[in-house]
Amino acid sequence: MSKFNIALCQLSITSDKERNIPHAREAIEHAAQNGSKLVVLPEIWNCPYSDESLSKYAEEIESEDGPPSFSMLSEVAPAQGCVCCVFGMDGKLKAKHRKLHLFDVDIPGDITFKESDTLTAGDEATIVDTDVGRIGIGICHNIRFPELAMLYAARGAHLLCYPGAFNMSTGQLLWELMQRARAVDNQLFVATCSPARDTNVSYITWGHSTLVGPFGEIIASTGHEEATVFAEIDYSLIQFRR
Ligand SMILES: NC(=O)CC(=O)C(=O)O
């Protein structure tokens, strides 16, 4: 498929996992019913982005007793005929990306957050062939590392997908810049998807989920509220730009 529609579901996320999962499902169904063949969800879409939540809400995805987030994605992808990054249209998990560069930040008087207190970094790049092209996967902070995007480009990726949750400090400075830089460095598409902003939590996300084209051009974007960004990807533009 060299031309298709993508949806970036910038979801509102609460502390209630039992609400977050059906809420995400509804957004995926809405996106697919409006013609999207690839649906991207935010980083950590089933729980709040905080050190205390990460292990509490985590799921053992290999377990046989139906981890709820995993099961929902595996059911909805074939039911709606779409790829939910990275569940294929057959409902099978096509790839699993473990965040390579953890986000540890300490800006005095501004933001302190240390993912390495609760998470272990992955050690592999993740590139996956899907019905909607070859996709390189990164999670949030991974977008700051040009080498990873270059590696994906060298391996023939058409699109880089970064579910992410930049915050109010680094988001304003870097979110758009990083996406456009990775796209233009490598002349491919870059899609990002953030949670919607919630100002009542400790880690406030920037939002602005975006699709960028191979010349670094913004094709579609949104603000910080809950929204789905719909856009068309046309891979023939990649050749045209090179
Ligand atoms: N939350 C992240 O992983 C990254 C981020 O906010 C940043 O790099 O800035």
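Bear in mind the structure is a predicted one, so any value in this text is a computation, not a measurement.

Reading guide: rules and limits
- Residues numbered from 1 in each chain as written.
- Predicted model: local features only at pLDDT ≥ 70, side-chain atom pairs only at ≥ 80, totals over all residues.
- Heavy atoms only, no water.
- Helix = DSSP H or I, 4+ residues; strand = E, 2+ residues; numbered from the N terminus.
- Buried < 20%, exposed > 50% of the residue type's maximum accessible area, 1.4 Å probe, protein only.
- Contact = heavy atoms within 4.5 Å.
- Pairing = 2+ DSSP bridges.
- Axes fitted to C-alpha atoms, helices over the stretch in contact; angles between N-to-C directions.
- Expected span 1.5 Å × (residues − 1).
- Arc of directions from axis to C-beta.
- Polar contact = N/O pair within 3.5 Å; in protein donor to acceptor, adjacent residues only side chain to side chain.

(A) Spatial organisation of the environment of Arg144. Tracing the backbone through its elements, the reader meets Arg144 in the loop between strand E7 (133-137) and helix H4 (146-154). Under the relative-accessibility criterion, Arg144 is labelled partly exposed at 27%. Separated by 140 residues in sequence, Arg144 and Phe4 have C-alpha atoms that sit 27 Å apart. Those residues in contact with Arg144, other than ones at most four positions away along the chain, are Phe103, Phe166, Thr170, Leu174, Met178 and Arg182.

(B) Here's a closer look at the sheet that holds strand E11 (residues 218-221). Strand order in the open sheet formed by six strands is E6-E7-E8-E9-E10-E11, and the pairing between neighbours is mixed. Both outer strands of the open sheet, strand E6 (126-130) and E11, are each paired with one neighbouring strand and no more. Taken over all neighbouring pairs, the strand axes of this sheet differ in orientation by 20° on average, direction set aside. Bridge count for strand E10 (residues 210-212) against E11 is three bridges, and the pairing is antiparallel. Residue pairing in the sheet places Leu211 in a bridge with Ala220 of E11. In the packing of helix H5 (residues 168-186) onto the sheet, contacts are made with strand E8 (159-163), strand E9 (189-193), E10 and E11, and the angle to E9 comes to roughly 155°.

(C) Spatial organisation of helix H3 (residues 68-80). With 13 residues, H3 should cover 18 Å at 1.5 Å per step; its first-to-last C-alpha distance of 18 Å lies within 8% of that length. Three or more residues of H3 are buried, namely Ser69, Met72, Leu73, Val76 and Ala77. Buried positions in H3, seen along its axis, are confined to an arc of 120° and lie on one side of it. In the stretch just after H3, Gly81 is the one whose phi turns positive, near 65°.

(D) Quick look at the environment of Ser12. If you trace the backbone, Ser12 turns up in the loop between strand E1 (3-10) and helix H1 (17-33). It is 16 Å that separates the C-alpha atoms of Ser12 and Ser53, two residues lying 41 residues apart in sequence. When neighbours within four sequence positions are excluded, Ser12 is seen to be in contact with Arg19, His23, Ala196 and Glu226. Looking at Ser12, its side chain comes within polar contact range of the side chain of Arg19, at 2.7 Å.

These results come straight from atomic positions and should not be treated as a statement about function.
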